[in-house]
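Structural description and commentary
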Amino acid sequence: MRRVIPGALALAALALAGFGAWVFSLPPAAPARAAPAIAPAETAAMLAALKPPKRARPLVAVVGLNDATETTDYLVPTGILRRADVADVRLLATGPGPVKLYPALTVEADATLAQFDARHPEGADYVVVPAMRRDDDPAVLAWLRAQAGKGAIVIAVCAGAKVAGAAGLLDGRQATTHWYFLKELRGRHPTIRYVADRRMVVDRGVATTTGISASMPMMLALIEAIAGAQKAQAVGRELGMPAWDARHDSSAFRLTRPFAATVLGNVLAFWRRESVGIDLRPGMDEASLALVADAWSRTYRSRAVTFAASTDAVVTRHGIRVIPDRQAADRPTQRRLDALTDEKPVEALNRTLRTIGAGYGAATAGVVAMQLEYPW
């Protein structure tokens, strides 16, 4: 035993040294630069490509795996489109039962894929594909191919592009994705033509976006394509995003030395981790809830935990049923957040990043913004 312990400590020291050398080899943070301008003709072409392909009032299906779907990618498109009231939106899951989102929240879907197909054999107008921890689920891939074959426009948010790619929907198309998964996506699908400096790209019936936060401008662009600029601008103001477009500085989002060093430091300081309690109330804004819970759960110092008076699902402002993690009596005592009922989603996210920065340091707030691919 006396020999084993020093040996284990030596191996741990070597591993840390190796990891430290890798961190030091990473590039420094990229200097800020203005995102390149976009020609009006390009924007007009994108909006034209997003026009409803079938119905005057489109049907939108947001697909998810029951155990492995990204929080913001799944909930924010649903909340924004239902807020706009320009389409009928259905939250779908591969099977019955709750949808466990990552890194936070659990919700109830409106229907399974099979139930949706039985009710709508002609298919959806739009299919929103969030990031999923498994991008090779056979049921999801077959269903996406079938929906595309019926004429649906597929919108792959964030690393949902990996799922669309696995379904064969990105071959030979222009596309983008979350910065962290770009190399992997291009390696798996070498015929993809990557478009840098664009938060959203549309090519022949398939739209892709950059990381998580791009779901907001993507949905505003879709609203504009469906119902016009005036409607999209009104919804944008309600979200706290009065101006948006496809501009993006791709060079600002990459794996850097400060990012890796901050993550490593937060992971190693396990004794400082805490739960952040979010009070679930009927009528709360689901987009604000998703963004705030997502952000707090990406610090490597904390995770969001929801609580309510009972174990029953709590219905948000636009009809999403959220299942609390705990009852009120078991709420976290370390840090609690008020119900997210009045604050605009973008303002809620910005406030959360400021609070994270004040409590955990600006570097940790930067780590969260980098993961969300949020130009903050």
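A quick note: this is a predicted structure, and the numbers were derived from the prediction, not measured. (Residues numbered from 1 in each chain as written. Predicted model: local features only at pLDDT ≥ 70, side-chain atom pairs only at ≥ 80, totals over all residues. Heavy atoms only, no water.)

**With respect to the sheet that holds strand S13 (residues 274-279)**
Across the sheet, four strands lie side by side as S17-S14-S13-S18; this open sheet has parallel pairing. Of all strands in the sheet, those with a lone pairing partner are strand S17 (326-327) and strand S18 (335-337), marking the two edges. Across two bridges, the pairing between strand S14 (residues 302-308) and S17 is parallel. Its bridge partner being in S17, phenylalanine 307 is matched across the sheet by arginine 326. (Pairing = 2+ DSSP bridges. Helix = DSSP H or I, 4+ residues; strand = E, 2+ residues; numbered from the N terminus.)

**Concerning the pattern of salt bridges**
Summed over the entire model, instances satisfying the criterion amount to 25 salt bridges. One salt bridge connects arginine 57 with aspartate 88, and the closest N-O pair in it is separated by 3.0 Å. Here the residue arginine 57 occupies a position in the loop between helix H2 (40-49) and strand S1 (59-62), and aspartate 88 occupies one in strand S3 (residues 88-93), the gap between them amounting to 31 residues. Taking the relative accessible area as the measure of exposure, arginine 57 reaches 35% and is therefore partly exposed. Salt-bridge contacts for aspartate 203 lead to arginine 204; the nearest nitrogen and oxygen are separated by 2.9 Å. Salt bridges sharing common partners tie together Arg83, Glu238, Asp285 and Arg317. (Salt bridge = Lys/Arg side-chain N within 4 Å of Asp/Glu carboxyl O. Buried < 20%, exposed > 50% of the residue type's maximum accessible area, 1.4 Å probe, protein only.)

**Points about the nonpolar core**
Counting 80 residues, the largest nonpolar core has Leu50, Leu75, Ile155 and Ile223 as the members making the most contacts within it. Tallying contributions element by element places helix H8 (residues 215-227) first for this core, with nine residues. Contact partners of isoleucine 155, with chain neighbours within four places excluded, come to Tyr126, Val127, Val128, Val129, Ala207, Met218, Met219 and Leu222. Counting residues in hydrophobic clusters, the runner-up holds 30 residues, among them Ala61, Met132, Ala175 and Val206. (Core = buried A, V, L, I, M, F, W, Y, C linked by side-chain atoms within 4.5 Å. Contact = heavy atoms within 4.5 Å.)

**A word on the confidence of the model for the protein**
Parts of the prediction with low pLDDT should not have their coordinates interpreted in detail. Across the protein, pLDDT averages 93, with 93% of residues at or above 70. No element of the protein has a lower mean pLDDT than helix H1 (residues 4-25), at 58, and none a higher one than strand S7 (residues 126-129), at 99. (pLDDT = per-residue confidence, 0-100.)

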